[in-house]
Amino acid sequence: MSIKDLLLHLQTGETAQSTNEFAVSLAEQTGSHLTAAGVVIEIPPPASELGSFAPDWDFSNFGIFAQIDEQRRQATEKAYEAFAASVPASVQTEKVFIQSFQEQACDDFARLARHFDFAIVSQGDPETGQDSRSILSSALFTSGRPAFVVPTAHQGPALLDNALVCWDGSAQAARALAEALPLLVRAQKVEVVCVMGESENRKNLPGFDITRHLARHRIAATLRDLTDAHDAGRAILAHAQEIGADYLVMGAYGHWRLGELIFGGTTRTVLAGMQKPVFMTH
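Residues numbered from 1 in each chain as written. Predicted model: local features only at pLDDT ≥ 70, side-chain atom pairs only at ≥ 80, totals over all residues. Heavy atoms only, no water.

### Re the overall build of the protein chain
Here comes step 1: Counting its secondary structure elements, the protein chain contains 8 helices and 12 strands.
Here comes step 2: A total of 282 residues make up the protein chain; the buried ones form 48% of that total.
Here comes step 3: Of the contacts made within the protein chain by residues no fewer than 6 positions apart, 78% connect residues no fewer than 24 positions apart.
Here comes step 4: Split by element, the accessible area of the protein chain, about 14100 Å² in all, is 48% carbon and sulfur. (Helix = DSSP H or I, 4+ residues; strand = E, 2+ residues; numbered from the N terminus. Buried < 20%, exposed > 50% of the residue type's maximum accessible area, 1.4 Å probe, protein only. Contact = heavy atoms within 4.5 Å. Areas by Shrake-Rupley, 256 points an atom, 1.4 Å probe, with all protein chains shown as cover.)

Next up, the structure:
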């Protein structure tokens, strides 16, 4: 399997440049087509507890919301123009626009992502980037495809030489590893890290068979056991910094609560504190 078709969530904020540069570089290195999807989240009018318009709603305000939606669309158009101008001739690209209320727009992005090898999305700002975080959730948990999550602090092109694979033997970890194989075969160094608690049997290290599997794909991976790690997410992030990993590979965990996706503990910690891109799948 090879990487040939990538989807980028095109943004208009301050983090757009880092994610865009990463995506273009990755497409160039892999010889992939790159589709940039601009997502315009429309502002819904205030509603009552029953879901209808609020009793005191002034219907003349519809024009204001329409103006804001149009401004957002124009900003997205300009973002694509700037993006397209920065793409080298060796990378083929095109644009797609999605415009709707948040839930529908996120669903549309997830359905779109199913037609690509994986989506490239921004980490988003936990405080102000709710729209991008919602897109990230949809890409990870409802598209059925992987997502390469780029941290807001990332600078420069995509680096693929030094990979850190997080392995716990779960179905999510197995799927992430399988989807990442076209990337891992390009790496000069691959380390599989297992985070184990005090109560676990260290004699049955859950990474041995998976390193043997990687070797059969001509990937010479080393195995590291981070024993007695009370916070798996923090241990992974600290080790990634220590070894100078270019990117991480891991399964994503989450559950639904009152109609909202809540990231699992390790996933939440990594997404909040990541300094390196993370290739994730559910």
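### Concerning the packing of aromatic side chains
Here comes step 1: Following the criterion strictly, the structure yields 6 aromatic pairs and no others.
Here comes step 2: On the numbers, 6.0 Å between centres and 45° between planes, the contact of Tyr80 with Phe83 is tilted. Taken together, the residues Tyr80 and Phe83, both in helix α2 (residues 62-86) and 3 residues apart, mark about one turn of the helix. Across the pair, exposure class does not vary: Tyr80 and Phe83 are buried alike.
Here comes step 3: With 5.4 Å between their ring centres and 85° between their planes, Phe118 and Phe279 make a pair best called edge-to-face. Here the residue Phe118 occupies a position in strand β4 (residues 118-122), and Phe279 occupies one in strand β12 (residues 278-281), the gap between them amounting to 161 residues. Judged on exposure class, the residue Phe118 and its partner Phe279 are both buried. (Phe/Tyr/Trp six-rings, centres within 6.5 Å; stacked < 30°, edge-to-face > 60°.)

### Some points on the nonpolar core
Here comes step 1: Formed by 43 residues in total, the largest nonpolar core has its most connected members in Leu26, Leu34, Phe83, Ile120, Phe148 and Leu184.
Here comes step 2: With 7 residues, the single largest contributor to this core is helix α5 (residues 171-184).
Here comes step 3: Beyond its immediate stretch of four places on either side in the chain, Ile120 contacts Leu6, Leu7, Leu8, His9, Thr19, Phe22, Ala23, Leu26, Phe148 and Val150.
Here comes step 4: Counting residues in each nonpolar core, the second largest holds 38 residues, with Phe116, Leu140, Phe141 and Leu271 among its members. (Core = buried A, V, L, I, M, F, W, Y, C linked by side-chain atoms within 4.5 Å.)

### Points about the packing of helix α7 (residues 232-243) against helix α8 (residues 265-273)
Here comes step 1: At a closest axis distance of 8 Å, the pairing of α7 and α8 adopts a crossing angle of 40°. Relative to α8, the element α7 is oriented oblique. Viewed along their axes, α7 and α8 form a crossing whose handedness is right-handed. In contact with Ala232, Gly233, Arg234, Ile236 and Leu237 of α7, α8 contributes Thr266, Thr269, Val270 and Gly273.
Here comes step 2: Looking at side-chain class alone, the contact of α7 with α8 contains 4 nonpolar, 4 polar and 1 charged residues. (Axes fitted to C-alpha atoms, helices over the stretch in contact; angles between N-to-C directions. Parallel < 35°, antiparallel > 145°, perpendicular 65-115°, else oblique. Left-handed = near helix turned anticlockwise from the far one by under 90°. Nonpolar A, V, L, I, M, F, W, Y, C, P; charged D, E, K, R; others polar.)

### Structural notes on the environment of Asp231
Here comes step 1: Within the element layout of this structure, Asp231 appears in the loop between β8 (221-227) and α7.
Here comes step 2: Considering only alpha carbons, one finds Asp231 and Thr269, 38 residues apart in sequence, at a separation of 9.0 Å.
Here comes step 3: Engagement of the side chain of Asp231 in a polar contact is seen with the backbone nitrogen of Gly233, the distance being 3.2 Å. (Polar contact = N/O pair within 3.5 Å; in protein donor to acceptor, adjacent residues only side chain to side chain.)

### Points about helix α1 (residues 16-30)
Here comes step 1: With 15 residues, α1 should reach 21 Å at 1.5 Å per residue; the first-to-last C-alpha distance of 21 Å fits that figure.
Here comes step 2: Counted residue by residue, α1 has 11 buried out of 15 residues, so it is predominantly covered.
Here comes step 3: Restricting attention to buried positions, one finds in α1 the residues Ala16, Ser18, Thr19, Asn20, Phe22, Ala23, Val24, Ser25, Leu26, Ala27 and Thr30.
Here comes step 4: Trailing α1 by a residue or two, Gly31 shows a phi angle of about 65°, which is positive. (Expected span 1.5 Å × (residues − 1).)

### Side note on helix α3 (residues 102-113)
Here comes step 1: In this model α3 runs 16 Å from its N-terminal to its C-terminal C-alpha over 12 residues, within 8% of the 16 Å that 1.5 Å per residue would give.
Here comes step 2: Turning to α3, its buried residues number three or more, namely Ala105, Cys106, Phe109, Ala110, Leu112 and Ala113. Viewed along the axis of α3, the buried residues span an arc of 160°, placing them on a single side of the element. (Arc of directions from axis to C-beta.)

### Quick look at the pairing of strand β9 (residues 247-251)
Here comes step 1: When you tally the buried positions in β9, you get 5 out of 5 residues, the bulk of the element.
Here comes step 2: By the alternation rule, side chains of β9 split into Tyr247, Val249 and Gly251 and Leu248 and Met250, which are all buried.
Here comes step 3: The pairing of strand β6 (residues 162-166) with β9 spans 3 bridges and is classified as parallel. From the neighbouring strand, Val165 faces β9, where its bridge partner is Val249.
Here comes step 4: Pairing geometry for β9 and β12, over 4 bridges, is parallel. Residue Gly251 lies in a different strand from β12, and its bridge partner there is Thr281. (Pairing = 2+ DSSP bridges.)

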